[in-house]
Amino acid sequence: MKPYVPDSLPLDCLDVGRLIRRVGTANAAIARYDGLLQSVVNPAVVLSPLTQREAVLSSRIEGTQATVDEVLEYEAGIEFDPEKTHDIKEVVNYRKTLTLASESLADRAITLSLIKQMHAILMDSVRGAEKSPGQFRIEQNWIGSGDSTIDTAKFVPPDPLQLPNHLEAFERYISGEDIDTLIQCAVVHAQFEILHPFKDGNGRIGRLLIPLFLFQKRTLASPMFYLSEYLEENRERYYQRLRAIGSEGGWTAWVEFFLQAIEHQALANTERVKGILSLYNEMKTRVSEITHSQHSPAILDAIFDRPIFQTADFIERSQIPKPTAATVLKKLKDAGILTAVREASGSRPAVLAFGKLVNQAEGRKVL
Ligand SMILES: Nc1ncnc2c1ncn2[C@@H]1O[C@H](COP(=O)(O)OP(=O)(O)OP(=O)(O)O)[C@@H](O)[C@H]1O
């Protein structure tokens, strides 16, 4: 199989007439979602369950097996076996990459240099060490099952000698305009996957680019729109549509799939954000009634930001004096809002969980 020669961007082969209705409904759905997002006072903290969930689901597409509660428990000091620890670290790295890239977009654009920095954080693990973290590939790679060769591969990305030119064109395309931002976003994700510029982690970096791109283009007020839930549920179709891009009508079919994903996920994310906001408002009243503390807002933000924690983490996050923190946590535990994932024993501190929020992030009852 020969290396793929990617189409130049912007594309001139899209059947816009076929896409027009979906462009309208997808834009309307994401605009409604963004309206809701704009009403959230501190989205990075209040909506942290969304980010946790995205990190887990995007990593799951290629088989990383870790759940939101396992990741949070790991960060609160609970130990897992080495295999699970690897998987959890990949999810932690994904979330770190998302957070750092989101922050850096406040004063810079998406560039190849940012993409390399993102990759370095994503691959910062034992497993990623031999995968050239933060470096674009200089070798030919291919997509296929574990034992496939270049001849039996499903897809052979572009020749490494041509890759720098393609990447520069890709960077220019991101900073430029196309007929519609959502169509452009669909093309950005797919072209990144086609270029497959890294040895590993291309799927995850490509999915991270989606909210970052929509934020840069001001379609979103904050880079918090995640598509991995849909892509994971429709993994076969996701791969099939990417695979078919080189064939007649393949780009239009891909964009159609992507717009459908955006619309579906915007509606699902809107419901999810409403659920989180309603829990936040309910807890605002309850935490204040239960603790009678002037620190109620800080308490609430601390348990929303990190819903599984040790007392020491909680004190650091909330900045509440130690004795007050101990009293407050006991009251919340007695009221059933917090439960012990691990009781204290000897020098080992207890690990507490705000189960309702973990369940929200996980999308099912786990605690
Ligand atoms: N035929 C194809 N053409 C282009 N891209 C593809 C094709 N099939 C799959 N992909 C993309 O390649 C990604 C896998 O690439 P890679 O293994 O480098 O990334 P990753 O981030 O390690 O995997 P991931 O999705 O593995 O967690 C898929 O998630 C998908 O986005």
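All residue numbers refer to position in the chain's written sequence, counted from 1. The predicted origin of the model limits local features to residues at a pLDDT of at least 70 and limits the giving and counting of side-chain atom pairs to 80 or more, whereas totals for whole chains, interfaces and linings rest on all residues.

As recorded in an unreviewed UniProt entry, the chain goes by Adenosine monophosphate-protein transferase SoFic and comes from Novipirellula herctigrandis.

Focus on the site of the ligand
The environment of the ligand is made up of 17 residues, and the closest members are E62, E193, N202, G203 and R204. The set of elements that each furnish at least two residues to the shell around the ligand consists of α8 (181–195), α9 (202–216) and α11 (235–243). Helix and strand labels come from DSSP, where a helix needs a run of H or I of at least four residues and a strand needs a run of E of at least two; each type is numbered from the N terminus. Broken down by element, the residue count for the shell around the ligand peaks at four residues, all from α9. Basically, the charged four are Asp, Glu, Lys and Arg, the nonpolar ten are Ala, Val, Leu, Ile, Met, Phe, Trp, Tyr, Cys and Pro, and anything else, Gly included, counts as polar. Residues belonging to the shell around the ligand are distributed by class as follows: six nonpolar, five polar and six charged. Any residue whose C-beta atom, as placed from the backbone, lies within 6 Å of a molecule or strand is termed near it.

Thoughts on the UniProt feature "active site" (unreviewed entry) in the chain
UniProt positions are given in the numbering used here, feature names are shortened, and annotations may be inferred rather than shown by experiment. Here, UniProt's "active site" (unreviewed entry) annotation points to H196. With respect to the element layout, H196 can be found in the loop between α8 and α9. Residue pairs are scored as contacts if the distance between their C-beta atoms, which are placed from the backbone, is within 7 Å. Aside from chain neighbours lying at most four places away, what touches H196 is N141, P157 and N202.

Observations regarding helix α15 (residues 322–334)
In a helix, the anticipated span is given by 1.5 Å times the number of residues less one. Here α15 is 13 residues long and its end C-alpha atoms lie 18 Å apart, about the 18 Å a rise of 1.5 Å per residue gives. All of the buried residues along α15 are A325, V328, L329 and L332. Mapping the buried residues of α15 onto a view down its axis gives an arc of 100°, with all of them on the same face. Among the exposed residues of α15, those oriented more than 90 degrees off its buried face are P323, K330 and D334. Of the surrounding elements, those touching the buried residues of α15 are α12 (250–291), α13 (296–305), α14 (311–318) and β3 (351–353). Looking one or two places after α15, you find G336, whose phi comes out positive at around 85°. Partly exposed residues are those falling between the two cut-offs: more than 12 but fewer than 20 other C-beta atoms within 10 Å of their own, whereas 20 or more means buried and 12 or fewer means exposed, with C-beta atoms placed from the backbone. Here the arc refers to the directions that run from the helix axis out to each C-beta atom.

Here we look at the confidence of the model for the chain
The pLDDT value tells you how sure the predictor is about a given residue, anywhere from 0 up to 100. Confidence along the chain averages 95 in pLDDT terms, with 99% of residues attaining 70 or more. The complex prediction reports pTM at 0.95, with the ipTM value standing at 0.94.

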